[in-house]
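The residues making up each chain are set out below.
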Amino acid sequence: MHHKLEKAFSEPKVKSQQERIRQISCCVQANQSDSQAEMFANRLRKNLKKLTKWAKQNQVHCYRLYDADLPEYAVAIDIYQGEQIWVNVQEYESPKTIDPIKAQQRLAGAMAEITKALEIPAEQVFLKIRRKQKGTDQYQKHSDSGRFYIVEEGGCKFWVNFADYLDTGLFLDHRPIRLLIQQQAKGKRFLNLFAYTGSATVHAAIGGAVASVTVDMSNTYLNWTKRNFDLNNIHGDHKLVRADCLQWLAKQADSKQKQHFDLIFLDPPTFSNSKKMDKVFDIQSDHMEMIHNAAALLAPDGILYFSTNFRRFKMDKEALADLIIEDISAAMVPLDFARDTKIHYCWRISR
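Residues numbered from 1 in each chain as written. Predicted model: local features only at pLDDT ≥ 70, side-chain atom pairs only at ≥ 80, totals over all residues. Heavy atoms only, no water.

1. Some remarks on the overall build of the chain
Applicable threshold: The secondary structure listing takes helices from DSSP runs of H or I that are at least 4 residues long and strands from runs of E that are at least 2 residues long, numbered from the N terminus. Think of it in three bands: residues with accessible area under 20% of the maximum for their type are buried, residues over 50% are exposed, and the middle band is partly exposed, with areas taken using a 1.4 Å probe on protein chains only. Whether two residues touch is decided by their heavy atoms; if any such pair falls within 4.5 Å, the residues are in contact. Areas reported here follow the Shrake-Rupley algorithm with a probe of radius 1.4 Å; residue values treat only the protein chains shown as occluding.
Across its full length, the chain carries 10 helices and 15 strands. Looking at the chain residue by residue over its 351 residues, the buried ones come to 53%. Sequence-distant contacts, at least 24 apart, represent 65% of the contacts inside the chain between residues at least 6 apart. As displayed, the chain has an accessible area near 16900 Å², and 49% of this comes from carbon and sulfur atoms.

Listed below in structure tokens is the structure:
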């Protein structure tokens, strides 16, 4: 594999891991059945044929091609199309019951088949090992390649990075909600909370939002958001705020001179124990207060979109009985993620 893949590992301190995979690749056929490898390659080709047609018809440039369709190959494969095609591969962490050598053999076999089946040069393929995130893992830098690439979505442009962070800068499963926000944003004031790289704000601005506030506690991601703004020539009343979103929300909700917004996007983490936050945050126990505070900032006829990727999440509708809550999860799962309907949940909330 190309040296770039080594930089893309989420644990770069394990310097020999990529070399081990290279070595295993040389003898992978001796340890893995040809039929399994062929099944994996055939699935990639089948998915590519189906999704390429769908992506072209819907002007989708970045999409999930494969998501652990076959249990022997527990990887997610995403296609990013810009000035060239890039493939972002994420290996889900193997259970402790699986022999690490066998897991590496399967990974090596998968990487070899990906480049062949997709006819993509190895230097355009990036690999990460996904593990359960703890605390602020999402914000931690994993490499220093400094290489960013431009992709497009819904007439918006975004900088993505395949090596330096756990995620690329663009959550592909949220494509439908971003496009919905863009469609509804004309003449609106938009609030983006836990904003990450500000992609939802870019969609809102391109959709005609007259003003926006984008809140995140990470300087890294706010700077990334600013770069996305510049890439799309977004100027005017579009503010970036570095703050703990929970503290900021509570303060705004209690203010007699609170700001009001016509559209709000609230996509918090499942859990956070960041030192920058006053307390440990847990989406299940803390969502009621957070949603109430966000709803307090809604203008008349305003809409709050709340999303979470916590698979066991249960909305406490009794505690939120004063709000109108509509589950729109099914409509917000795109075709390329249809195999996993629990990838995230989404609600439309109004007062």
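2. Thoughts on the pattern of salt bridges
Heads up, the condition is: Salt bridges are counted wherever a side-chain nitrogen of Lys or Arg sits within 4 Å of a carboxyl oxygen of Asp or Glu.
Taken as a whole and judged by the stated rule, the model has 11 salt bridges. When the shortest N-O distance is used, the salt bridge between Asp336 and Arg175 registers 2.8 Å. In this pair, Asp336 sits in the loop between strand E14 (324-327) and strand E15 (345-350) while Arg175 sits in helix H6 (residues 175-184), placing the two residues 161 residues apart along the sequence. For Asp336, a relative accessible area of 8% gives the class buried. Judged by its relative accessible area of 5%, Arg175 is buried. Lys226 is the partner of Asp230 in a salt bridge, and the nearest nitrogen-oxygen pair spans 3.0 Å.

3. Structural notes on the sheet that holds strand E1 (residues 62-67)
What holds strands together in a sheet is hydrogen bonding between their backbones, with the strands either parallel or antiparallel. Our working rule: When DSSP finds two or more bridges between a pair of strands, those strands are recorded as paired. Helix axes use the C-alpha atoms of the stretch in contact, all axes being lines fitted to C-alpha atoms, and the angles between their N-to-C directions lie in the range 0 to 180 degrees.
Read across the sheet, four strands follow the order E1-E2-E3-E4 without closing on themselves; strand pairing throughout is mixed. Edge positions in the sheet fall to E1 and strand E4 (125-130), since each of these pairs with one other strand and no more. Ignoring which end each strand starts from, the neighbouring axes of this sheet average 20° apart. Pairing between strand E3 (residues 85-92) and E4: six bridges, direction parallel. Bridging from a neighbouring strand, Asn88 pairs with Phe126 of E4. Sheet contacts for helix H4 (residues 34-57): E1 and strand E2 (75-81); angle to E1, the most-contacted strand, approximately 150°.

4. So, the sheet that holds strand E13 (residues 298-308)
An order of E9-E8-E7-E10-E13-E15-E14 is seen for the seven strands of this open sheet, with the pairing classed as mixed. Because the sheet does not close on itself, it has two edges, and the strands there are strand E9 (238-242) and E14. Across the sheet, the mean angle from the axis of one strand to that of its neighbour is 15°, orientation sign disregarded. Bridge count for strand E7 (residues 189-193) against strand E8 (residues 211-216) is five bridges, and the pairing is parallel. Each bridged residue has a counterpart across the sheet, and for Phe190 the counterpart in E8 is Ser212. This element, H6, spans E7, strand E10 (261-266), E13 and E15 of the sheet and lies at about 170° to E13. Along the sheet face, helix H7 (residues 199-206) touches E7, E8, E9 and E10 and points at about 170° away from the line of E7.

5. Some details on the nonpolar core
Selection rule: To form a nonpolar core, buried Ala, Val, Leu, Ile, Met, Phe, Trp, Tyr and Cys residues must be joined to one another through side-chain atoms within 4.5 Å.
Leu191, Leu193, Leu266, Met290, Ile291 and Phe306 are the most contacted members of the largest nonpolar core, which totals 32 residues. Broken down by secondary-structure element, the contributors of at least two residues to this core are E7, E8, helix H9 (245-254), E10, helix H10 (283-295), E13 and E15. For this core, the element with the most residues is H10, which contributes five residues. Those residues in contact with Met290 that sit more than four places away from it in its chain are Phe194, Leu246, Leu249, Leu266, Pro268, Phe281, Ile283 and Phe306. One finds Leu51, Leu107, Met111 and Ile114 within the second-largest nonpolar core, a separate group that totals 28 residues.

6. Describing unusual backbone geometry
Residue Gln59 is not a glycine yet carries a positive backbone phi of 55°. Mapped onto the elements of the fold, Gln59 is located in the loop between H4 and E1. Judged by its relative accessible area of 62%, Gln59 is exposed. With phi around 55°, Glu119 is a residue other than glycine that occupies positive phi space. Secondary-structure assignment places Glu119 in the loop between helix H5 (100-117) and E4. Accessibility expressed as a relative area gives 70% for Glu119, which makes it exposed.

7. A word on the pairing of E2
Extensive coverage of E2 is indicated by the burial of six of its seven residues. Strand direction decides the pairing type here: E1 and E2, joined by five bridges, are antiparallel. What sits directly across from Arg64, in E2, is Asp78. Note that E2 and E3 share seven bridges and pair antiparallel. Looking at E3, one finds that Ile79 is bridged to Val87. Where E2 hands over to E3, the hairpin turn is made up of three residues, counted between the paired strands.

8. Here we look at the packing of aromatic side chains
The condition is simple: For this analysis, a ring pair means two rings from Phe, Tyr or Trp (six-membered ring only for Trp) whose centres lie within 6.5 Å, classed as stacked if their planes differ by under 30 degrees, edge-to-face if by over 60, and tilted for the remaining angles. Whether a charge sits over a ring comes down to the Lys NZ or Arg CZ being within 6 Å of the ring centre and within 35 degrees of the ring normal.
Tallied over the entire structure, the rule returns 20 aromatic pairs. A connected cluster of aromatic rings, assembled from ring pairs, spans Phe148, Tyr165, Phe171, Tyr196, Tyr221 and Trp224. Its guanidinium or amino end placed over the ring of Phe148, Arg227 lies 4.6 Å from that ring's centre, counting from NZ or CZ.

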